[in-house]
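Structural description and commentary
So you can see what is in the structure, the chains are spelled out below.
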Amino acid sequence: MAGEGEEDVPRDAKIVKSLLKSMGVEDYEPRVIHQFLELWYRYVVEVLTDAQVYSEHASKSNIDCDDVKLAIQSKVNFSFSQPPPREVLLELAASRNKIPLPKSIAGPGVPLPPDQDTLLSPNYQLVIPRKSASTEPEETEDDEEMTDPAQSSQEQQQQQTSELPGQTPQRVSFPLSRRPNK
């Protein structure tokens, strides 16, 4: 793993290996070096791109050390944030903990909303056709295929409803939950 094939390794990879060794990391997978190199190259490209933008903004033809320092400083300010000091966190925790928690109204377990407010309660819609005086034969699948394909489905529905004026369905909707006893 570490230390295999030292002669054909690029200089940057050797630097990453020496950094890992100096930090006490002796055993690692070879792809770790490639991941560190990619991170390193990406960071350098971003810093140099920012430095070039700062140099162009200052109407300079070349990037100088001040542009690179400014780019690094802006990268550090926006990428890495320091947590607040421990004293500040302790003060915030003490002030927040002064407010007592609300008393629990519900018993043990997770409180659930009433049945009428949930989407899990069963709800059925039934279509109850009205009785008609005339009994016409029902249309079969063969009859449907013989209709004119150019005729739209909306026209077919209007035609069927005009033929059967007394057969408008009635929709009934009701939940199947228990009603509280009075």
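Before reading further, recall that the structure is shown in the block above.
Let me begin by describing the structure that accompanies this report. (Residues numbered from 1 in each chain as written. Predicted model: local features only at pLDDT ≥ 70, side-chain atom pairs only at ≥ 80, totals over all residues. Heavy atoms only, no water.)

Quick look at the overall build of the protein chain now. Of regular secondary structure, the protein chain possesses six helices and two strands. Residues classed as buried in the protein chain amount to 9% of the 182 residues present. Considering only contacts in the protein chain between residues 6 or more positions apart, those separated by 24 or more positions represent 57%. Accessible surface computed for the protein chain: about 16,800 Å², of which carbon and sulfur atoms make up 56%. (Helix = DSSP H or I, 4+ residues; strand = E, 2+ residues; numbered from the N terminus. Buried < 20%, exposed > 50% of the residue type's maximum accessible area, 1.4 Å probe, protein only. Contact = heavy atoms within 4.5 Å. Areas by Shrake-Rupley, 256 points an atom, 1.4 Å probe, with all protein chains shown as cover.)

This paragraph deals with the nonpolar core. Counting seven residues, the largest nonpolar core is built from Val 9, Ala 13, Val 16, Leu 20, Tyr 28, Ile 33 and Leu 37. Broken down by secondary-structure element, the contributors of at least two residues to this core are helix 1 (11–22) and helix 2 (31–57). With three residues, helix 1 is the single largest residue contributor to this core. (Core = buried A, V, L, I, M, F, W, Y, C linked by side-chain atoms within 4.5 Å.)

The next point concerns the packing of aromatic side chains. Where two aromatic rings form a pair, the distance of their centres and the angle of their planes describe that pair. Taken as a whole, this structure holds one aromatic pair when the rule is applied. Relative to Tyr 41, the ring of Trp 40 has its centre 6.2 Å away and its plane inclined at 25°; by these criteria the two rings are stacked. Residue classification places Tyr 41 among the partly exposed positions, given a relative accessible area of 41%. (Phe/Tyr/Trp six-rings, centres within 6.5 Å; stacked < 30°, edge-to-face > 60°.)

Next up on the list: the pattern of salt bridges. Here the idea is simple: oppositely charged side chains can pair when their charged atoms come close. A full pass over the atoms with the stated rule returns six salt bridges. Residue Asp 12 is joined to Arg 11 by a salt bridge in which the shortest nitrogen-to-oxygen separation is 3.8 Å. For Arg 11, a relative accessible area of 62% puts it in the exposed group. Between Lys 75 and Glu 46 there is a salt bridge; the shortest N-O distance is 2.3 Å. Of this pair, Lys 75 sits in helix 3 (residues 65–79) while Glu 46 sits in helix 2, and the two are 29 residues apart along the sequence. Given a relative accessible area of 16%, Lys 75 falls into the buried group. Within the structure, one salt-bridge network assembled from shared partners comprises Lys 60, Asp 64 and Asp 67. (Salt bridge = Lys/Arg side-chain N within 4 Å of Asp/Glu carboxyl O.)

Take Ser 74: it is sitting in helix 3. Residue class for Ser 74 comes out buried when judged on its relative accessible area of 14%. Within polar-contact distance, the side chain of Ser 74 engages the side chain of Tyr 54 at 3.2 Å. (Polar contact = N/O pair within 3.5 Å; in protein donor to acceptor, adjacent residues only side chain to side chain.)

What is expected of a backbone is that most residues other than glycine have negative phi and most peptide bonds are trans. With a phi angle near 60°, Ser 59 is a residue other than glycine that sits in the positive phi range. When you line up the elements, Ser 59 lands in the loop between helix 2 and helix 3.

With that settled, the discussion passes to the packing of helix 2 against helix 3. Put simply, helix 2 and helix 3 touch, their axes get as near as 8 Å, and they point 120° apart. With respect to helix 3, the axis of helix 2 lies oblique. Where helix 2 crosses over helix 3, the two elements pack in a sense that is right-handed. For the pair helix 2 and helix 3, the contacting residues are Tyr 43, Glu 46, Val 47, Leu 48, Asp 50, Ala 51, Tyr 54 and Ser 55 in the first and Asp 67, Val 68, Leu 70, Ala 71, Ile 72, Ser 74 and Lys 75 in the second. Among the residues making up the contact of helix 2 with helix 3, the classes are represented as nine nonpolar, two polar and four charged. (Axes fitted to C-alpha atoms, helices over the stretch in contact; angles between N-to-C directions. Parallel < 35°, antiparallel > 145°, perpendicular 65-115°, else oblique. Left-handed = near helix turned anticlockwise from the far one by under 90°. Nonpolar A, V, L, I, M, F, W, Y, C, P; charged D, E, K, R; others polar.)

One can find Cys 65 in helix 3. Overall, Cys 65 belongs to the partly exposed group, its relative accessible area being 49%. C-alpha separation for the pair Cys 65 and Ala 51, spaced 14 residues apart in sequence, amounts to 8.9 Å.

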